[in-house]
Amino acid sequence: MSIDKELLAILCCPETKQTVSLAEESLIQKLNAAVARGELKNVGKRPVSGELDGGLIRADRAILYPIRDHIPVMLIEEGIPLEQLH
């Protein structure tokens, strides 16, 4: 998964305004495995459905915003708390 560098430069977390960066493929694989098991919830406390194409991870590495169909979903309630993976 890749994202335009100019787009990435202007995107930020809609809640904290922290910068975001493209998540590593290994993290996306872990998240997709959790999605397949029905174990992953977003900030809105709803189960994440459907496989992620990629993700943008917040600078503090606490939240990942999913990329679906090559489009970053930068909505606060759609963010995925990464503490679920620990």
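The structure we're discussing is the one just above.
These figures come from a predicted structure and were not determined experimentally. (Residues numbered from 1 in each chain as written. Predicted model: local features only at pLDDT ≥ 70, side-chain atom pairs only at ≥ 80, totals over all residues. Heavy atoms only, no water.)

Enquirer: How would you summarise the pattern of salt bridges if you had to cite specific residues and measurements?
Expert: The tally for this structure, following the rule as stated, stands at five salt bridges. Taking the shortest distance from any N to any O, the salt bridge between Arg58 and Glu15 comes out at 3.8 Å. With Arg58 in strand β2 (residues 54–58) and Glu15 in the loop between α1 (5–10) and β1 (20–22), this residue pair connects regions lying 43 residues apart in the sequence. The salt bridge partner of Arg61 is Glu24, with a shortest N-O separation of 3.3 Å. With Arg61 in the loop between β2 and β3 (63–68) and Glu24 in the loop between β1 and α2 (25–36), this residue pair connects regions lying 37 residues apart in the sequence. (Salt bridge = Lys/Arg side-chain N within 4 Å of Asp/Glu carboxyl O. Helix = DSSP H or I, 4+ residues; strand = E, 2+ residues; numbered from the N terminus.)

Enquirer: A description of the pairing of β3 should follow, citing residues and the corresponding values.
Expert: Counting buried residues in β3 gives five out of six residues, a clear majority hidden from the surface. In this sheet, β3 lies alongside β2 in antiparallel orientation, the contact comprising four bridges. Note that in β3 the partner of Gly55 across the bridge is Pro66. The turn joining β2 and β3, which pair antiparallel and follow one another in sequence, is formed by four residues; a positive phi near 60 degrees is taken by Arg61. Note: β3 against strand β5 (residues 80–81), two bridges, orientation antiparallel. Bridged to Leu64 within β5 is Ile80. The sheet contact formed by β3 and strand β4 (residues 71–72) spans two bridges and is antiparallel. (Buried < 20%, exposed > 50% of the residue type's maximum accessible area, 1.4 Å probe, protein only. Pairing = 2+ DSSP bridges.)

Enquirer: How would you explain the side chain of Asn42 if you had to name every residue and give the values?
Expert: Residue placement: Asn42 occurs in the loop between α2 and β2. With relative accessibility at 5%, the residue Asn42 sits in the buried group. Reaching out from Asn42, the side chain makes a polar contact with the backbone nitrogen of Gly44 at a distance of 3.0 Å. The contact partners of Asn42, leaving out residues within four places of it in the chain, are Val48, Glu77, Glu78, Gly79, Ile80 and Pro81. (Polar contact = N/O pair within 3.5 Å; in protein donor to acceptor, adjacent residues only side chain to side chain. Contact = heavy atoms within 4.5 Å.)

Enquirer: Tell me about α2, and name the residues and values.
Expert: Given 3.6 residues to a turn, an α-helix orients residues that are three or four positions apart in the same direction. Here α2 contains 12 residues, and its C-alpha end-to-end distance of 16 Å stays within 8% of the 16 Å for a straight helix at 1.5 Å per residue. Regarding α2, the residues found buried are Leu27, Ile28, Leu31, Asn32, Ala34 and Val35. Down the axis of α2, the smallest arc covering the buried residues is 160 degrees, so these residues share one side. Across α2 from its buried face, at more than 90 degrees, point the exposed residues Gln29, Lys30 and Ala36. Lining the buried residues of α2 we find β2, β3 and β5. At the C-terminal side of α2, Gly38 shows a positive phi close to 75 degrees. (Expected span 1.5 Å × (residues − 1). Arc of directions from axis to C-beta.)

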